[in-house]
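Structural description and commentary
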Amino acid sequence: MKLNQRDRQILAIALPSIVSNITVPLLGLVDVAIMGHVGDAVYIGAIAVGSMIFNLVYWIFGFLRMGTSGMTSQALGRRDLPEVTLLLARSLAVAGGVALLLLLFSKPLLALMLLLIKPTPDVAPLAARYFHICVWGAPAVLGLYGLMGWFIGMQNTRAPMLISIMQNVVNIAASLALVVFGGLRLEGVAAGTVIAQYAGFLIGLSLLVRHYGRLRKYFRAADVPDRRSVARFFTVNRDIFLRTLCLVAVNLYFTSAGARQGAVILAVNTLLLQLYLLFSYVMDGFAYAGEAVCGRYYGARNRGAFAATLRRLFMWGWAMAALFTAVYAVGGTPFLRLLTTDEAVIRAASEYFPWAVAIPAAGVAAFVWDGVFIGMTATRAMLLSLVVAAASFFSVCAAFYAQLGNHALWLAMTVYMVMRGLAQTVIYRLRHNKV
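This is a predicted model, so every value here is computed, not measured.

The secondary structure content of the chain amounts to 16 helices and zero strands. Against the compact-globule benchmark of 22 Å for 435 residues, the chain has a radius of gyration of 22 Å, which places it among compact chains. The principal-axis extents of the C-alpha atoms in the chain amount to approximately 55 × 50 × 40 Å. Within the span of the chain, comprising 435 residues, buried residues form 54% of the whole. Partitioning the intrachain contacts of the chain with sequence separation of at least 6 by distance along the chain shows that 84% fall at a separation of at least 24. A total accessible area of about 18,900 Å² is found for the chain, and carbon and sulfur atoms account for 68% of it. In the chain, the 35 positive side-chain charges and the 16 negative ones have mean positions that sit 13 Å from each other.

In structure tokens form, the structure reads like this:
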């Protein structure tokens, strides 16, 4: 396939983003792997619970990345360099404020999360120890969200890729040193994670100074608290925050409803969701390209380039969906055998496997539109489409769960993904089909 200018723009952002996305879960996997070799099952469970808590909490505050990305790409498209610098300052300021709140209210937050997750009595106190160390990484993690979003908005995904890779290198080295040589076990793994998070943040700041230090001349500190700009910043991020709560509600219900059907079904759903996650890591790369490139052309009011980029994004999205559908249809079961040797789980998974094969086609439009809408900062439209999709999910569950059981959950998830893309398509054509 011959690549045109739009394709090269898209791939220049998408490919480094895909590498970054794939490295993200390694931070948690490294901790589990180290404890798996030097500790017993209760330590592994504690780290799994602790990682789940932080994944959920930080996911809720993902608006710091997405909102910053869209607004920055638009400001860059307008060549409004003073606003570009102010957006970074505001994002980092908000990240610092949120991190301070997490530190101040860490005890009630932990109590709430343990109440929701309900770990066993032997795991809970160890998970609490892990949490109380890792929570000190919140300023670095949330600060990185702002930096990552800003880099993407500046059409630079190589910096986030480098940060992600270096974070994992530091995490492995620090955790091994503290656990193997320092004998700290759980505390060593937690401290290694925090060290890696701050190392990533410092690397991000150094890349910022190295590549964008020249922009300092456009920065005016007095304009950071500008009321109108700050109001828009919070309006955009409020919509993304509420949208994320809807996402969390759907995913928590899917997991809890599967868990109520027993350990085997819970294991099946967990394994099949790995196929969804693998596809999402790739498609998020193209969504980031939508944020950066479409956002830049939207800010520049370049309708022709925006429309051409949108068409190519969907072309790449459907190509990826076709590829993953074929791979899953042919090699999905062998992939499951890489994840588990439990024959009962593998046999049970075969009954639900067609739903996993349908995931790429069902979800491709949602991923592409998410990136485009973030680039346009059409966050109210994103929220509305997610509300429609979540309502569809819970309606299908309510109508069919009693009769179909786990099939109803997967049917609801499929409908949910389709409705996200469909609602966004309709909203775009009715309200946003202009640049």
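What follows covers the packing of helix 4 (residues 63-77) against helix 5 (residues 81-104). Their axes nearest at 8 Å, the elements helix 4 and helix 5 cross at an angle of 170 degrees. The angle between helix 4 and helix 5 places the two elements in the roughly antiparallel class. Side by side, helix 4 and helix 5 meet where L64, T68, M71, T72, A75 and L76 of the first sit next to L81, E83, V84, L87, S91, V94 and A95 of the second. A breakdown of the residues in the contact of helix 4 with helix 5 according to their chemical character gives nine nonpolar, three polar and one charged.

Time to look at the nonpolar core. Ranked by internal contacts, the top residues of the largest apolar core, which has 142 residues, are F286 and V372. Filtering out sequence-adjacent residues up to four positions away, F286 remains in contact with I10, L11, A14, I18, L313, W316 and M320.

Our focus in this paragraph is the environment of V250. If you trace the backbone, V250 turns up in helix 11 (residues 227-259). A residue is classified by how much of its surface remains accessible, and V250, at 0% relative accessible area, is buried. Between the C-alpha atoms of V250 and I60, which are 190 residues apart in sequence, the distance is 13 Å.

Moving on, we come to the packing of aromatic side chains. Counted according to the given criterion, the structure contains 24 aromatic pairs. Between the aromatic rings of F279 and F324, the centroid separation amounts to 5.3 Å while the plane-to-plane angle is 70 degrees, which identifies the pairing as edge-to-face. Here F279 is found in helix 12 (residues 263-300), whereas its partner F324 is found in helix 13 (residues 303-339), with 45 residues between them in sequence. Judged by its relative accessible area of 12%, F324 falls in the buried class. When the ring of F279 is compared with that of F367, the centres are 5.8 Å apart and the planes differ by 85 degrees; the resulting orientation is edge-to-face. Of the two residues, F279 sits in helix 12 while F367 sits in helix 14 (residues 343-375), which places them 88 residues apart along the sequence. Of the two residues, F279 and F367, both sit in the buried class. Of the aromatic side chains, those joined through ring pairs into one cluster are Y276, F279, F324, Y328 and F367. Note that R301 overlies the ring of Y298, its terminal NZ or CZ placed 4.9 Å from the centroid.

What follows concerns unusual backbone geometry. Outside of glycine, negative phi angles account for most residues, and trans bonds account for most peptide bonds. In this model, Q155 sits at a positive phi of 65 degrees, which is unusual for a non-glycine residue. Unlike most non-glycine residues, T377 shows phi in positive territory, near 50 degrees. Locating T377 in the fold gives a position in the loop between helix 14 and helix 15 (379-404).

Side chains of R79, R214, K217 and R296 sit close together on the surface and give a patch of like positive charge. Its location among the elements puts R296 in helix 12. Residue R296 is classed as partly exposed on the basis of its relative accessible area of 33%.

On to the packing of helix 11 against helix 15, then. For the pair helix 11 and helix 15, the least separation of the axes is 8 Å and the interaxial angle reads 15 degrees. By the angle class used here, helix 11 and helix 15 are roughly parallel. Like other packed secondary-structure pairs, helix 11 and helix 15 cross with a definite hand, here left-handed. Class assignment of the residues belonging to the contact of helix 11 with helix 15 gives a composition of 19 nonpolar, two polar and four charged.

What follows deals with the side chain of R420. For R420, the position within the fold is in helix 16 (residues 406-432). Residue classification places R420 among the buried residues on the basis of a relative accessible area of 6%. In terms of polar contacts, R420 uses its side chain to reach the side chain of D370, at 2.6 Å.

What follows covers a nonpolar patch on the surface. Side chains of V19, L162, I165, M166 and V169 sit close together on the surface and give an oily, nonpolar patch of about 360 Å² of accessible area. Among the elements that take part in the nonpolar patch, helix 9 (residues 158-181) stands out by supplying four residues, more than any other. Inspection of the secondary structure puts M166 in helix 9. Note on M166: relative accessible area 33%, which makes it partly exposed.

This next bit is on helix 1 (residues 5-23). Compared with an ideal rise of 1.5 Å per residue, which puts 19 residues at 27 Å, helix 1 spans 28 Å between its outermost C-alpha atoms and is within 8% of the ideal. At L11, helix 1 is bent by approximately 25 degrees, the largest bend along its length. Of the residues making up helix 1, those classed as buried are R6, D7, I10, L11, I13, A14, P16, S17, I18, S20, N21 and T23.

Turning our eyes to something else, we now look at the pattern of salt bridges. Overall, the coordinates contain eight salt bridges when judged by the stated rule. Among the salt bridges present, the one from R65 reaches E291, with a minimum N-O distance of 3.0 Å. Linking R65 in helix 4 with E291 in helix 12, this pair joins segments that are 226 residues apart in sequence. Just as R65 is buried, E291 falls in that class too. Among the charged side chains, a network of salt bridges with common partners joins R238, D239 and R380.

So, how was this worked out
- Residues numbered from 1 in each chain as written.
- Predicted model: local features only at pLDDT ≥ 70, side-chain atom pairs only at ≥ 80, totals over all residues.
- Heavy atoms only, no water.
- Helix = DSSP H or I, 4+ residues; strand = E, 2+ residues; numbered from the N terminus.
- Rg over C-alpha atoms; globule rule 2.2 N^0.38 Å.
- Buried < 20%, exposed > 50% of the residue type's maximum accessible area, 1.4 Å probe, protein only.
- Contact = heavy atoms within 4.5 Å.
- Areas by Shrake-Rupley, 256 points an atom, 1.4 Å probe, with all protein chains shown as cover.
- Lys, Arg positive; Asp, Glu negative; His and termini not counted.
- Charge placed at Lys NZ, Arg CZ, Asp CG, Glu CD.
- Axes fitted to C-alpha atoms, helices over the stretch in contact; angles between N-to-C directions.
- Parallel < 35°, antiparallel > 145°, perpendicular 65-115°, else oblique.
- Nonpolar A, V, L, I, M, F, W, Y, C, P; charged D, E, K, R; others polar.
- Core = buried A, V, L, I, M, F, W, Y, C linked by side-chain atoms within 4.5 Å.
- Phe/Tyr/Trp six-rings, centres within 6.5 Å; stacked < 30°, edge-to-face > 60°.
- Lys NZ or Arg CZ within 6 Å of the ring centre and 35° of its normal.
- Patch = residues over 30% accessible without salt bridge, like charges linked within 9 Å, V, L, I, M, F, W, Y side chains within 5 Å.
- Salt bridge = Lys/Arg side-chain N within 4 Å of Asp/Glu carboxyl O.
- Left-handed = near helix turned anticlockwise from the far one by under 90°.
- Polar contact = N/O pair within 3.5 Å; in protein donor to acceptor, adjacent residues only side chain to side chain.
- Expected span 1.5 Å × (residues − 1).
- Bend = angle between axes of the 7 residues up to and from the residue.

Scope: geometric values only; no functional claims are made or implied.
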